[in-house]
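Close look at the chain arrangement
Residue-level listing of the chains:
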Amino acid sequence: MIWSSSRWFWLAIGLLSVVLLYVLAPILMPFLAGALLAYLGDPLVDRLESWKLSRTASVTVVFLTICLSLVLFFLFLVPILETQTQRLFDKIPQYLEWGVNVLAPYLQERFGVDPSVLEVERIKGVITSHWKETGGFIRNAVQTISHSGFVVLGWVANLALIPIITFYLLRDWDHLVRYIDDLLPRSMEPLVERLARESDEVLGAFLRGQLSVMLALSVIYAIGLSLIGLEFALLIGLIAGLVSFVPYLGLIVGVSIAGIAVLFQMPHDIFMLFWVFAVFGVAQVIEGTLLTPLLVGERIGLHPVAVIFAVLAGGQLFGFMGILLALPVAAVLAVILRHVHDTYKQSQIYGIEESLLDDNLPVADSVTDGEKTP
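For clarity, every value in this text was computed on a predicted model and none was experimentally measured.

Details of the overall build of the protein chain
- Each helix and strand counted, the protein chain has eleven helices and zero strands in total.
- When the elements of the protein chain are put in sequence order from the N terminus, they spell out α-α-α-α-α-α-α-α-α-α-α.
- Looking at the 374 residues of the protein chain, the share that counts as buried comes to 25%.
- Look at the contacts in the protein chain between residues 6 or more apart in sequence, and 68% of them connect residues 24 or more apart.

Below, the structure is given as structure tokens:
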């Protein structure tokens, strides 16, 4: 009877949480962003506290560091990325024409394909018109949003709330953890504490470690490609670094894009491809020998296919916010599923199935022996 009432209680809590998340979804963004920043910054605050700083002073130092990093990113990197992206789209028709001019003779010689079938001018016109339509749509959307006072006010309020929420959560993070731990039923507290500790290790490995590796790889790729004179070095380096959360995907994507860019930019200098391979090779050596062991340690325990599925599923279900939260949620689910797997392997259900199989084996052996005996 006690187990039944407890089960219904937790079921009601779960349903109520789902309903609240659905109803309050429009206002959750600043709280999720603030909680994420507070989670990332709490170990730094604890480290500063160990150096005899007060909690408030430690929080202030970490908070100002986070704010300064975000401001520098938006002031310096975003305009450069926007410029390089604009130049890339402007040159796509030229790249397309060059690629077709190089590819058309090969197709005609090897397969007898008529170059006119490729319709280069039509493809360039479609790309150009779609880019203009996209730019026009973005401008119209910005104008619409700018003329809607309530939308602008909502965005400004959300952005203003994020640093405030981050500061207070950072200051009271340890108190919140102890408060939640104190609310847990004593019978469930050891299990929840163990799962929370394992989840924290996994999330720490991904959010603090893997994101640091991704950022470091982006910097290494961008600097290396800039040194060899590649035009879109920052954009390509950032793309390759961001997709490196899937093993070897950053290497494959980066080498492919950078190799194509080198062929477009310097078609008569094939030796430049060697320098592209050298940049990504050196970056992989640095990641494997220094960055990953130092910043990540063990991997988050997700198969690369599971990582791709989690990102796609998060985007399909919850949009951009789902993409951001897909891997942290998947990492926590992996911890819970490992616990469920271990519990099942130790359960009576698994033991009964195993015992039945063991009981059947001697019977089968005796029958086989009987058939073999004349």
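Quick word on the environment of Ser50
- Tracing the sequence through the fold places Ser50 in helix α2 (residues 29-50).
- Polar contacts involving the side chain of Ser50 include one to the main-chain carbonyl oxygen of Arg47, which spans 2.4 Å.

Details of the pattern of salt bridges
- Enumeration over the complete set of coordinates arrives at six salt bridges.
- Members of the salt-bridge network, linked through shared partners, are Asp42, Asp46, Glu49, Arg55 and Asp174.

Overview of helix α6 (residues 189-227)
- Spanning 39 residues, α6 covers 55 Å between terminal C-alpha atoms, matching the ideal 57 Å at 1.5 Å per step.
- A maximum bend of about 25° is found in α6 at Gln210.

Here we look at the nonpolar core
- With 24 residues, the main nonpolar core has Leu225, Ile228, Leu230, Ile236, Ala258 and Phe280 as its most contacted residues.
- Among the elements that take part in this core, helix α9 (residues 272-296) stands out by supplying eight residues, more than any other.
- Filtering out sequence-adjacent residues up to four positions away, Leu230 remains in contact with Leu225, Ile236, Ala258, Ala261, Val262 and Gln265.

Side note on the packing of aromatic side chains
- Per the stated rule, a full pass over the model turns up eight aromatic pairs.
- Between Phe167 and Tyr168 the ring centres are 5.7 Å apart and the planes differ by 85°, which places this aromatic pair in the edge-to-face class.
- Put simply, the rings of Phe63, Phe167 and Tyr168 touch in pairs and so form one group of aromatic residues.

Some remarks on a nonpolar patch on the surface
- Among the surface-exposed residues, Leu68, Leu70, Val71, Leu72, Phe73, Phe74, Leu75, Phe76, Leu77 and Val78 lie close enough to one another that they form a single nonpolar patch of about 900 Å² accessible area.
- Within the secondary structure, Val71 is located in helix α3 (residues 55-111).

A few points about the packing of α6 against helix α7 (residues 233-242)
- In the contact formed by α6 and α7, the axes pass within 7 Å of each other and the chain directions differ by 150°. Judged by the inter-axis angle, α6 sits roughly antiparallel to α7. The chirality of how α6 crosses α7 is right-handed. In this structure, α6 contributes Met214, Leu217, Ser218, Tyr221, Ala222, Leu225 and Ser226 to the contact, and α7 contributes Ala233, Leu234, Ile236, Gly237, Leu238, Ala240, Gly241 and Leu242.
- For the contact of α6 with α7, the residue count by class is eleven nonpolar, four polar and no charged.

So, the environment of Val307
- Counting through the fold element by element, Val307 comes out in helix α10 (residues 304-345).
- By relative accessible area, which is 3% here, Val307 ends up buried.

A closer look at the side chain of Glu231
- Tracing the chain through its elements places Glu231 in the loop between α6 and α7.
- For Glu231, a relative accessible area of 18% gives the class buried.
- Excluding residues within four positions of it along the chain, Glu231 makes contact with Gln84, Arg87, Lys91, Tyr95 and Gln265.

Section: the confidence of the model for the protein chain
- Per-residue confidence for the protein chain averages 77 on the pLDDT scale, and 76% of its residues sit at or above 70.
- Within the protein chain, the lowest mean pLDDT, 52, falls on helix α11 (residues 348-372), and the highest, 90, falls on α7.
- Below a pLDDT of 50 lies the segment residues 133-139, which in the model reaches zero contacts outside its immediate sequence neighbourhood of four places, other chains included.
- The low-confidence segment residues 363-374, where pLDDT is below 50, has zero contacts with residues more than four positions distant or belonging to other chains.

About the thresholds
Residues numbered from 1 in each chain as written. Predicted model: local features only at pLDDT ≥ 70, side-chain atom pairs only at ≥ 80, totals over all residues. Heavy atoms only, no water. Helix = DSSP H or I, 4+ residues; strand = E, 2+ residues; numbered from the N terminus. Buried < 20%, exposed > 50% of the residue type's maximum accessible area, 1.4 Å probe, protein only. Contact = heavy atoms within 4.5 Å. Polar contact = N/O pair within 3.5 Å; in protein donor to acceptor, adjacent residues only side chain to side chain. Salt bridge = Lys/Arg side-chain N within 4 Å of Asp/Glu carboxyl O. Expected span 1.5 Å × (residues − 1). Bend = angle between axes of the 7 residues up to and from the residue. Core = buried A, V, L, I, M, F, W, Y, C linked by side-chain atoms within 4.5 Å. Phe/Tyr/Trp six-rings, centres within 6.5 Å; stacked < 30°, edge-to-face > 60°. Patch = residues over 30% accessible without salt bridge, like charges linked within 9 Å, V, L, I, M, F, W, Y side chains within 5 Å. Areas by Shrake-Rupley, 256 points an atom, 1.4 Å probe, with all protein chains shown as cover. Axes fitted to C-alpha atoms, helices over the stretch in contact; angles between N-to-C directions. Parallel < 35°, antiparallel > 145°, perpendicular 65-115°, else oblique. Left-handed = near helix turned anticlockwise from the far one by under 90°. Nonpolar A, V, L, I, M, F, W, Y, C, P; charged D, E, K, R; others polar. pLDDT = per-residue confidence, 0-100.

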